Amino acid sequence: MGSSMATGVVVQLLFFGFQLVALLMSGAVLQVEAQGTWEILVENAGIASMHTAITRFNTAVLLDRTDIGASQLALPNGECRNDGQDESLQHDCTAHSAVLDLGTNRIRPLFVQTDTWCSSGQFRDDGTLVQTGGDNDGYSKIRTFTPCPGDGDCNWVETDVPLVEGRWYASNAQLPDGTQILVGGRNNPTVEFVPANGRGATYVPLIGNANDGQADNLYPYVHLLPNDQIFMFANQYSILFDWKRVTAVKQLPKLPGGPRNYPSAGSSVLLPLSAYIDYALPEVVVCGGATYGAFLNPGAALPSTASCGRIAPLSEGANWQMENMPLRRNMGDMVLLPDRTVLIVNGAANGAQGWGNAQNPVLTPVLYNPHGAVGRRFQVLTGTNIARVYHSTANLLPDGRVLIAGSNTHQFYTLTGYLATELRIEAYSPAYLRGKRPVIAYAPGELAYNARFEARIENANPGVIELNLVSAAYSTHSFGQGQRLIQLNAAAPAAAGGGAYTVAANAPPSAVIAPAAYYMLFAVSEGIPSIAQWVHVG
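How each quantity is defined
Residues numbered from 1 in each chain as written. Predicted model: local features only at pLDDT ≥ 70, side-chain atom pairs only at ≥ 80, totals over all residues. Heavy atoms only, no water. Patch = residues over 30% accessible without salt bridge, like charges linked within 9 Å, V, L, I, M, F, W, Y side chains within 5 Å. Areas by Shrake-Rupley, 256 points an atom, 1.4 Å probe, with all protein chains shown as cover. Salt bridge = Lys/Arg side-chain N within 4 Å of Asp/Glu carboxyl O. Helix = DSSP H or I, 4+ residues; strand = E, 2+ residues; numbered from the N terminus. Core = buried A, V, L, I, M, F, W, Y, C linked by side-chain atoms within 4.5 Å. Buried < 20%, exposed > 50% of the residue type's maximum accessible area, 1.4 Å probe, protein only. Contact = heavy atoms within 4.5 Å. Phe/Tyr/Trp six-rings, centres within 6.5 Å; stacked < 30°, edge-to-face > 60°. Pairing = 2+ DSSP bridges. Axes fitted to C-alpha atoms, helices over the stretch in contact; angles between N-to-C directions. UniProt positions renumbered as here; feature names shortened; annotations may be inferred. Polar contact = N/O pair within 3.5 Å; in protein donor to acceptor, adjacent residues only side chain to side chain.

An unreviewed UniProt entry annotates the protein as Glyoxal oxidase of Sphagnum jensenii.

Here it is, written out as structure tokens:
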């Protein structure tokens with residue numbers, strides 16, 4: 001190990017120790033308990049995944065940018081990418097995307113032609129990943145990836161239909177009508193739709209007005225709500241947005257605590273929707289972020305915020321309820337877990353997003369329990385020794401683990417020194433994987449809206465068995481685009497012989513609650529999830 005790398009590791013471990021001391025001294029932290037385990041799945045994936053998505057074939061699509069020079073993963077069969085517009089390497093025989101087979105941990109290189117730097121994406125109803133925008137020659141591109149089994153040969157397709165307007169640092173959301181809305185982007189405060197179906201781009205004042213001296217309106221947080229409106233958030237500001245009329249319908253209160261979107265990003269999730277309350281009163285959480293000015297003055301290593309805001313945007317008099325995480329954090333990732341809790345992982349305690357701007361990586365994830373009382377919602381978990389800062393990702397896996405990939409705070413691959421480009425891929429196993437796990441012996445592969453169905457569950461404890469659907473998010477820049485969890489109205493389990501149980505439930509009532517797509521169906525018994533079965537809803 002070189003001296004600079006060793007110094008970086010020592011700094012990280014010392015900071016990890018300082019974090020634990022701070023936790024023990026903080027009266028605000030009521031649960032301090034190391035839980036969960038970490039494992040390295042791939043020692044060298046060859047690319048640092050800036051964008052990650054999990055497919056219904058139990059593979060992970062990994063995607064970096066092309067204008068970064070050579071990666072560490074060769075394209076197969078002597079294939080090379082020739083791109084006269086590439087700003088780094090116009091003849092490039094290395095891959096900038098790959099697929100990880102989660103069953104074998106085998107990496108297969110993929111070919112992507114145009115630059116996907118800081119792009120966006122979302123799964124279509126048929127399971128195809130639609131990937132949009134980027135920089136340079138990718139700015140107006142629409143790409144698709146139709147997934148296949150791990151031993152298949154599926155690859156990226158660059159479509160001939162461009163975006164209405166180029167997008168860089170935008171966010172995508174799947175809509176009930178089967179199209180996707182693309183929100184914002186650098187110097188582009190508009191929305192558009194893919195496919196456009198004759199619709200153009202429309203200016204959104206929220207995105208334009210949320211711009212500031214360091215452009216804290218990028219990668220907006222976009223959540224489809226059960227009333228068929230969109231919760232749209234940029235910087236510290238949010239609205240309810242009618243996507244059919246393409247207009248804002250309600251301005252929500254300002255979130256205290258500074259900017260929350262790129263380059264000062266915290267993270268955000270729509271909390272689980274529940275059939276037991278008719279999917280009413282949805283709530284959104286935004287946690288963490290950088291201090292304003294951290295991006296403009298990275299040498300100051302300004303401290304990140306520990307604050308979280310929670311709002312029920314459809315309630316009368318909606319306002320932000322504030323609380324603090326145990327650790328301050330920017331560029332963290334919030335991941336919905338099948339037991340309806342939220343993992344907050346990755347990020348840094350100082351600095352901001354951008355090349356070389358991160359300081360003091362936060363190695364310790366925390367668990368957020370949305371059902372707990374204020375002040376008792378956070379639990380500190382087992383830490384890792386691998387820093388994940390700018391351009392890192394986190395995705396829920398069908399087996400209940402969380403895939404952690406990426407981290408590159410450099411313009412090019414820099415494999416030594418402090419916060420070196422990270423090519424290892426990890427998985428975090430939450431503590432719920434230590435218990436007796438239920439097994440979905442049978443569930444239908446297709447769920448029509450509002451249809452009653454039955455699942456056969458084995459190895460479960462008698463009592464309440466939940467059936468929860470979780471979407472496959474597109475993770476990039478601290479936001480899981482399209483991430484949602486739907487708790488179905490599972491009836492009391494009925495004994496089915498042999499220690500098994502039959503559990504009946506209704507599929508989601510409409511595409512407003514669950515846009516048509518492939519979802520992971522988990523059975524959860526006493527807080528312990530099964531391995532998911534992929535089901536198509538729609």
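Participant: Help me understand a nonpolar patch on the surface, please; the structure alone is not making it clear to me.
Facilitator: On the surface, Tyr 276, Ile 277 and Leu 281 cluster together to form a nonpolar patch covering roughly 320 Å² of accessible area. Turning to its location among the elements, Ile 277 is positioned in the loop between strand S21 (273-274) and strand S22 (284-287).

Participant: Explanation requested: the nonpolar core in the structure shown.
Facilitator: In summary, soluble globular proteins display a tendency toward joint burial of nonpolar side chains. Grouped together as the largest cluster of nonpolar side chains are 73 residues, with contacts concentrated most on Leu 100, Ile 107, Leu 403 and Ile 425. If near-sequence neighbours (up to four positions away) are discounted, Ile 425 is found in contact with Glu 39, Ile 40, Leu 41, Val 42, Ala 45, Leu 62, Leu 100, Ile 107, Arg 388, Leu 403, Ile 404 and Ala 405. In this structure, Ala 275, Ala 455, Ile 465 and Ala 523 belong to the second largest nonpolar core, which totals 43 residues.

Participant: Sorry, what's going on with the packing of aromatic side chains here?
Facilitator: If you walk through the whole model with that rule in mind, you get 14 aromatic pairs. Relative to Phe 233, the ring of Tyr 221 lies with its centre 5.7 Å away and its plane at 20°, an arrangement referred to as stacked. Note that Tyr 221 is positioned in strand S16 (residues 221-224) and Phe 233 in strand S17 (residues 230-234), a separation of twelve residues in sequence. Grouping residues by exposure puts Tyr 221 and Phe 233 together as buried. Here Tyr 221 and Phe 479 contribute two aromatic rings whose centre-to-centre distance is 5.2 Å and whose plane-to-plane angle is 55°, an arrangement assigned as tilted. Taken together, the positions of Tyr 221 in strand S16 and Phe 479 in strand S39 (residues 479-481) put the pair 258 residues apart, joining distant regions of the chain. Side by side, Tyr 221 and Phe 479 carry an identical accessibility label, which is buried.

Participant: Before we go on, may I ask you to explain the environment of Leu 521 in this structure?
Facilitator: Of note, Leu 521 is situated in strand S43 (residues 517-525). You can call Leu 521 buried: its relative accessible area is 0%. For Leu 521 and Arg 65, which are 456 residues apart along the polypeptide, the C-alpha to C-alpha distance reads 32 Å. The contacts of Leu 521, once residues within four sequence positions are left out, are Ile 440, Ala 443, Leu 467, Asn 468, Leu 469, Ile 531, Ala 532, Gln 533 and Val 535.

Participant: How should I be thinking about the sheet that holds strand S23 (residues 307-311) in this particular structure?
Facilitator: Sheet strands pair by backbone hydrogen bonding; their relative direction is either parallel or antiparallel. Across the sheet, four strands lie side by side as S20-S22-S23-S24; this open sheet has antiparallel pairing. Two strands bound the open sheet, and with one partner strand each, they are strand S20 (267-270) and strand S24 (321-324). Between one strand and the next, the sheet's axes are offset by a mean angle of 20°, whatever the strand orientation. Where S23 lies against S24, four bridges are found, and the strand directions are antiparallel. In the sheet register, Ser 307 faces S24, and the bridge partner there is Asn 324.

Participant: Would you take a moment to explain the environment of Ala 472 for this structure?
Facilitator: In this structure, Ala 472 sits in the loop between strand S37 (465-471) and strand S38 (474-476). Residues Ala 472 and Arg 484 lie twelve residues apart in sequence; the distance between their C-alpha atoms is 8.3 Å. Sequence-distant contacts of Ala 472, that is, excluding residues within four places in its chain, are made with Ile 54, Phe 123, Tyr 518 and Trp 534.

Participant: What should I look at first to understand the UniProt feature "domain: Galactose oxidase-like Early set" (unreviewed entry) in the protein in this one?
Facilitator: Here the UniProt-annotated "domain: Galactose oxidase-like Early set" (unreviewed entry) positions come out as residues 437-537. Across residues 437-537, the secondary structure splits into 0% helix and 55% strand, with the terminal C-alpha atoms separated by 24 Å.

Participant: How should the environment of Arg 328 be read in this particular structure?
Facilitator: Turning to its location among the elements, Arg 328 is positioned in the loop between S24 and strand S25 (333-336). Residue classification places Arg 328 among the partly exposed residues on the basis of a relative accessible area of 34%. With 41 residues separating them along the chain, Arg 328 and Cys 287 place their C-alpha atoms 9.4 Å apart. In contact with Arg 328, other than residues within four places in its own chain, are Pro 303, Ser 304, Thr 305, Ala 306, Ala 348, Ala 349, Asn 350 and Val 362. For Arg 328, the side chain forms a polar contact with the main-chain oxygen of Ala 349, separated by 3.0 Å. Reaching out from Arg 328, the side chain makes a polar contact with the side chain of Asn 350 at a distance of 3.1 Å.

Participant: When you look at the side chain of Thr 476 in this model, what are you seeing that I'm missing?
Facilitator: Tracing the sequence through the fold places Thr 476 in strand S38. Every residue in contact with Thr 476, bar those within four places of it in the chain, is listed here: Met 50, His 51, Ser 119, Tyr 219, Thr 393 and Gln 481.

Participant: Is there a simple way to think about the sheet that holds strand S41 (residues 494-497) in this case?
Facilitator: Strand order in the open sheet formed by four strands is S34-S36-S42-S41, and the pairing between neighbours is antiparallel. If you trace the sheet from one side to the other, it starts and ends with strand S34 (439-442) and S41, each paired once. Here the strands of the sheet are splayed against their neighbours by 45° on average, with no regard to which way each runs. In this sheet, strand S42 (residues 500-506) lies alongside S41 in antiparallel orientation, the contact comprising three bridges. Residue pairing for S42: Ala 495 is matched across the bridge by Tyr 501.

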